[in-house]
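This is what each chain is made of:
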Amino acid sequence: RAEVRSLSHYLQQPQGRVFQYTCDAALGDARCGVNLAAAQYRATISVISVIDERRIRAAGTEGLESGWYTGGLLRFGGGTNAVDVRDIKQHQIVGLSAPVHEFERWEPPTHPVSPGATATVTAGCDKHLNTCNDKFSNGTRFRGFPFMPGNDFLTRVASRRG
C-alpha cells in the first residue's frame, strides 16, 4: 500500500494557531491542563435500560446537572464493548421523582449493550470561556479568543448616523 502526494500537500498542513472564539485545546491535554482522572470529572454508571442503539438510561451520577457529560466520553467497563469508546452527543436528566441520566452517543456501540452493563463517563467541554471558568475553574488556560470582533463588525460600512 502506498500513498502519493504532491508538493502542494504541504500547503494544506496547519501552521500555527487558529484565531477563533472557542478553545482550540483538547480537554485534558497538556495545553488545557484539566485532570480528567479527578473524581468530579468522571463517574462509573450502570445501565438501567436501553432505549435504542445510541441511547441508554443509567444510574450512578447523582448530584450533577443535565449536560455535564455532553461532549465527553463513554467507555464500557467490560464485555464485548470494553475497548469501545464513544463520544457523548447529549446528556440529560429525565424523571422527577427518581432522576435517571440519559446518554445519547453519536455512534452506536460495536456490540449491543444490555441492562446491568457498567461504563465510565468523562465530563465534556463545549470549548467556551464560561464553561472553562464555571465547570473546570480553568479560565486562565483558555486557548480561544472570546472577545475577538466577528464578521459583522468587519463588514460594517460607514453611515451618516454613526
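Further up the page is the structure itself.
Residues numbered from 1 in each chain as written. Predicted model: local features only at pLDDT ≥ 70, side-chain atom pairs only at ≥ 80, totals over all residues. Heavy atoms only, no water.

Asker: Explain the sheet that holds strand S5 (residues 100-105) to me, and be specific about the residues and the numbers.
Answerer: A barrel is described by the order of its strands in space; here six strands give the closed sequence S1-S2-S5-S4-S3-S6, paired in antiparallel fashion. The sheet shows a mean angle of 45° between the axes of neighbouring strands, direction not considered. Looking at chain direction, strand S3 (residues 73-76) and strand S4 (residues 85-94) are connected through three bridges and run antiparallel. Of the residues in S4, the one forming a bridge with Leu 74 is Arg 86. (Pairing = 2+ DSSP bridges. Helix = DSSP H or I, 4+ residues; strand = E, 2+ residues; numbered from the N terminus. Axes fitted to C-alpha atoms, helices over the stretch in contact; angles between N-to-C directions.)

Asker: Could you give an account of the layout of surface pockets, naming the residues involved and the relevant values?
Answerer: Unfilled space is identified by rolling a water-sized probe across the atoms. Volume-wise, the largest pocket comes out at about 150 Å³. Among the residues forming the lining of the largest pocket, the class breakdown is six nonpolar, three polar and one charged. (1 Å grid on protein atoms, 1.4 Å probe; cavity = no way out; pocket = protein on both sides within 12 Å on 5 of 7 lines; lining within 4 Å. Points joined across faces, edges and corners; volume = space filled by probe spheres on them. Nonpolar A, V, L, I, M, F, W, Y, C, P; charged D, E, K, R; others polar.)

Asker: Any details on unusual backbone geometry? Residues and values, ideally.
Answerer: The phi angle at Lys 127 is positive, at roughly 70°, despite the residue not being glycine. For Lys 127, the location among the structural elements is in the loop between strand S6 (118-122) and helix H1 (129-134). Of the residues examined, Lys 127 reaches a relative accessible area of 27% and is grouped as partly exposed. The backbone of Ser 137 shows a phi angle near 50°, a positive value even though the residue is not glycine. Note that Ser 137 resides in the loop between H1 and helix H2 (151-154). For Ser 137, a relative accessible area of 66% corresponds to the exposed category. (Buried < 20%, exposed > 50% of the residue type's maximum accessible area, 1.4 Å probe, protein only.)

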